[in-house]
Amino acid sequence: MYRYDQYDQAMVDTRVAEFRDQTRRRLEGKLTEDQFKPLRLQNGLYLQLHAYMLRVAVPYGTLNSAQMHVLANIADKYDRGYGHFTTRQNIQYNWIKLEDAPDILADLAAVEMHAIQTSGNCIRNISSDQFAGAAGDELIDPRPYAELLRQWSSFHPEFLTLPRKFKICVIASETDRAAMKLHDIGIRIVKNAAGEIGAAFYVGGGMGRTPMIAPLIRDFVPLDQLITYSEACLRVYNRYGRRDNKYKARIKILVHELGKEEYTRQVEEEFAHLLTQGIEPPIAELERIKAHFTDPAFDQGASDDLDLSDPAFALWVARNTVAHKQPGYVIANISLKPVGGIPGDASAAQIHLMADLAKEYSFDELRVTHAQNIVLPHVKKADLHTLWQKLDAAGLGAANLDTVEDIIACPGLDYCSLANARSIPVAQKISQRFAANGKTGELGELKLKISGCINACGHHHAGHIGILGVDKKGLENYQLLLGGCEGDDTSLGKITGPGFTEDGIVDAVEKATEVYLAERAEGERFLDTYRRIGMEKFKEAIYA
Amino acid sequence: MKILTGNDLKSGAVVWWTGYDWSIHVEDAVDVGDQADAILQREEGARRVNASYAIDAEPDGERGVRPAHIKDRIRALGPTVRPDLTLKPADPNAGNWVI
Amino acid sequence: MLDHLRFREDEPAGAPAVTVDAFLTQTNAAAVRIEPGDDARSLLPFLEQLRLVEVNFPSFGDGRGYSSARILREAGYQGELRAVGDVLVDQLSHMRRCGFDSFLPEKPFDPEDAQAALNRWPEVYQATGDGRQPIWAKRHPANERD
């Protein structure tokens, strides 16, 4: 994985000094809260429901064990012994003191980490495929391109006060595991007819209150123009994105209002101009970064044999491991969704353990997924049983990846000042319901996503089953959506009808799954059945 | 009644106006009548509180004060899904007060 | 306190800046003021005659002026480029990077804070036309561009 050189280190060290100075000026009264807010947000520091919250960047979801240990140390030293992994592949802490924040950033900088641009109206942490470098279906590892973009977007002086936040995702596989088309810019690394590698740009996707699937605006940008093209996309947005209404300020609205053709025309015009400005790093820089992402020293003779005589282990293997490109290895997913647990939360002890296991069994590498789980990307099959035993002993052995129990949930009204309703208790009750009725396995792949408000941090639009918490005259109320999907066949969920109470929504979800089980054809997932039979039968059952 | 709340600037802790200071316990909150704006302006200016605002609340027996909106009740108590991290970790019914 | 921070040797332009609309209809002024919604490119035919371009930031959170500044510098504008309005010390280094060489803030700067902000970043990741060598160019001196 990528390691900082003296320049990268100087940048994060400078950032710590800058924020220490800004924090001092705020505490001394030289900065008002209005002036300080965007500065702290661009260092990931929110003022949340109970305290300050710090969001730490995990660039493209990749980190090593030393970094993971520091994340656990921060949880113990400055917070309350746990962290929350987010749908942006980051981690956040809920009980941070402003006066500690500069010290935390310094602890992070010591292991090549930061909280730069994890919030605010700027280019956010670049997300990517959590199986990058390990998946069998990838064209090439997408992370070098993400790292190139990370450096370009860090402190980009023209784009620190955009109309609104800006999220970029880079993938390079046939299968989209990162909801690429639901980003402000989604980049797919592709090969053209001539066999050259380049980038397809999808611009103007997003969730939030007006979900949109990003249209393709250019099918091939040569790799030696990647930064220049990105800069053109951003400049058009910075100049013409709406600033009169916060809720219409995302680039998806600009692309929608201008039309894809007109936005593309403006980008191409800006691109042609910027090509003359010498802003593109040389290909040698991309090559330098790529050298950090070579394969680890796989055991070429590793065996594919796996003893599945232990049924609990066999279930975990079936549900939580994914084929690796290297024979004898698998991608192991650690579910942070124990039945009745808080999705994405992990204790400091669990974070330390995952760090140790990564060091011992996965070439010192971990990934954070947008589904709020952790991946050990390169595990030898021969080590898998031992690994699983250690995970299981620490409460990390839930065998439920991509099932109805593997729920994405935002922090909701338990933690978030924007939320209208709590998300976590709903997730807890649903996972308990299905664990109790024993249908989790029978239901197969079923992606359930819960947001506690219309900002959609819990990706409810993209859930096969989505739940949106709303405020109904001061009471929590939950709307049900069906048919969303974040993958290659991206679709947005549709609301079934009137909302439900907390217990009512759990019943409604169960009824929807009963319709699926009754109606499904051979080999169909929940989503497939919904797409085939439509909303009506589900509605009949849910509102009967 | 009208009560005042906000966050401590340094720690971020949720605080409530007691009439002369800020407390982390909502039961210490006092009715400020029509003085909300004046008090908040003064306290923000002195950096004794951050992100402050006035809310409706009602007297609530032995618990003292109950904010009108669930969001402020969760702020007053702590996350309902982590009773151990709330201000009343030993009270099994604390969560019911929120809802 | 610092009322006006300027990084130029020449004399400041004397005449007041006119609006972009006024400038485009009478085109003999030497000083113009760009508002966030104005198109900086409409000035490009007249760069030779301009001695001062003011870019107004009515609110520090509106970043359109950064693009305006870069567009003018990219087109070869050599005159004074002055940020005016709600300009804060924490934006100074970014504004410098986008080509501003003059700052007339609504509220004067604390000189120490302004100096600290300007000296903050020893390295930069991007080429923005401000003459600073980005990190990638330092990493690959052989590939350095003009």
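K.L.:
What exactly am I supposed to notice about the overall build of chain A here?
P.N.:
Across its full length, chain A carries 17 helices and 20 strands. Relative to the globule expectation of 24 Å for 544 residues, the C-alpha radius of gyration of chain A, 23 Å, shows essentially globular dimensions. Taken over the C-alpha atoms alone, chain A extends approximately 60 × 60 × 60 Å along its principal axes. Evaluated residue by residue, chain A yields a buried proportion of 59% over its 544 residues. A fraction of 67% describes how many contacts in chain A between residues 6 or more apart in sequence connect residues 24 or more apart.

K.L.:
Quick question: what am I supposed to make of the pairing of strand β2 (residues 14-17) of chain B here?
P.N.:
When a strand is regular, its side chains alternate between the sheet's two faces. All names here are of chain B. Side chains Val 14 and Trp 16 project from β2 onto one buried face, and the interleaved Val 15 and Trp 17 project onto a second face that is buried too. Here strand β1 (residues 2-7) runs beside β2; their pairing, made up of 3 bridges, is antiparallel. Bridge pairing links Gly 6 to Val 15 in β2. With antiparallel pairing between neighbouring strands as the criterion, β1 and β2 make up a hairpin whose turn holds 6 residues, including Gly 12 at a positive phi of roughly 80°. Relative to strand β3 (residues 22-23), β2 runs antiparallel, the two being bridged by 2 bridges. Residue Trp 17 lies in a different strand from β3, and its bridge partner there is Trp 22. Hairpin connection between β2 and β3: a loop of 4 residues separates the two successive antiparallel strands, and Gly 19 in this loop has a positive phi of roughly 110°.

K.L.:
Teacher, can you tell me more about the interface of chain C and chain A here?
P.N.:
How large an interface is tends to be reported as the accessible area lost when its parts come together. Contact with chain C, which involves 32 residues of that partner, is made by 33 residues of chain A. Elements represented by at least two residues in the side of chain C that touches chain A include exactly α2 (64-74), α3 (92-97), α4 (111-118) and α5 (135-139) of chain C. Among the elements that make up the side of chain C that touches chain A, the one with the highest residue count is α2(C) (5 residues). Among the residues forming the side of chain C that touches chain A, the class breakdown is 10 nonpolar, 9 polar and 13 charged.

K.L.:
Explain the environment of Met1(C) to me, please; I cannot follow it from the model alone.
P.N.:
All names here are of chain C. With respect to the secondary-structure elements, Met 1 resides in the segment before β1 (5-6). For the pair Met 1 and Glu 112, spaced 111 residues apart in sequence, the C-alpha to C-alpha distance is 9.1 Å. The contact partners of Met 1, leaving out residues within four places of it in the chain, are Pro 108, Phe 109, Asp 110 and Pro 111.

K.L.:
Would you take a moment to explain the environment of Glu35(C) for this structure?
P.N.:
As for its position among the elements, Glu35(C) is in the loop between β3 (31-34) and β4 (52-57). As for Glu35(C) and Arg64(C), which are separated by 29 residues in sequence, their C-alpha atoms are 8.8 Å apart.

K.L.:
Which parts of the structure should I look at to understand the sheet that holds strand β6 (residues 102-105) of chain C?
P.N.:
Hydrogen bonding along the main chain pairs the strands of a sheet, whether they run parallel or antiparallel. All names here are of chain C. The strand order across the open sheet built from 6 strands is β1-β6-β5-β4-β3-β2, with neighbouring strands paired in mixed fashion. The open sheet has two edge strands with one neighbour each: β1 and β2 (18-19). Taken together, the 2 bridges between β2 and β3 define a ladder with parallel strand orientation. Each bridged residue has a counterpart across the sheet, and for Thr 19 the counterpart in β3 is Arg 33. Across the sheet, α2 lies against β3, β4 and β5 (80-85), angled at about 160° from β4, the strand it touches most.

K.L.:
Can you help me understand the interface of chain A and chain B in this one?
P.N.:
With 22 residues of chain A at the contact, the number on the chain B side is 20 residues. Classifying every residue of the side of chain A that touches chain B gives 12 nonpolar, 3 polar and 7 charged.

K.L.:
For this particular structure, what's the right way to read the domain arrangement of chain A?
P.N.:
All names here are of chain A. In terms of domain boundaries, chain A breaks down into domain 1 (6-109), domain 2 (134-290), domain 3 (311-393) and domain 4 (408-542). The distance between the C-alpha centroids of domain 2 and domain 4 comes to 31 Å. Listed per partner, the contact involves 10 residues of domain 2 and 11 residues of domain 4. When the residues that make up the side of domain 2 that touches domain 4 are grouped by side-chain class, the tally is 5 nonpolar, 2 polar and 3 charged.

K.L.:
What should I look at first to understand the sheet that holds strand β8 (residues 185-191) of chain A in this one?
P.N.:
All names here are of chain A. Read across the sheet, 5 strands follow the order β6-β7-β8-β9-β10 without closing on themselves; strand pairing throughout is mixed. Of all the strands in the sheet, just β6 (127-128) and β10 (216-222) have a single pairing partner and so form its edges. Where β8 meets strand β9 (residues 197-203), 7 bridges bridge the pair, whose relative direction is antiparallel. Bridging from a neighbouring strand, Ile 189 pairs with Ala 199 of β9.

K.L.:
Would you mind going over unusual backbone geometry with me for this structure?
P.N.:
Residues apart from glycine generally show negative phi values, whereas peptide bonds are mostly found in trans. Residue and element names in this part refer to chain A. Even without being a glycine, Gln 117 presents a positive backbone phi close to 55°. Positive phi, close to 50°, is recorded for Lys 473, a residue that is not glycine. Among the secondary structure elements, Lys 473 is positioned in the loop between β18 (465-472) and β19 (475-482). With 5 C-beta atoms counted inside 10 Å, the residue Lys 473 sits in the exposed group.

Criteria and cut-off values
Residues numbered from 1 in each chain as written. Chains lettered and ligands numbered in written order. Predicted model: local features only at pLDDT ≥ 70, side-chain atom pairs only at ≥ 80, totals over all residues. Helix = DSSP H or I, 4+ residues; strand = E, 2+ residues; numbered from the N terminus. Rg over C-alpha atoms; globule rule 2.2 N^0.38 Å. Buried ≥ 20, exposed ≤ 12 C-beta atoms within 10 Å, placed from the backbone. Contact = placed C-beta atoms within 7 Å. Pairing = 2+ DSSP bridges. Nonpolar A, V, L, I, M, F, W, Y, C, P; charged D, E, K, R; others polar. Axes fitted to C-alpha atoms, helices over the stretch in contact; angles between N-to-C directions. Domains from an automatic or database assignment.

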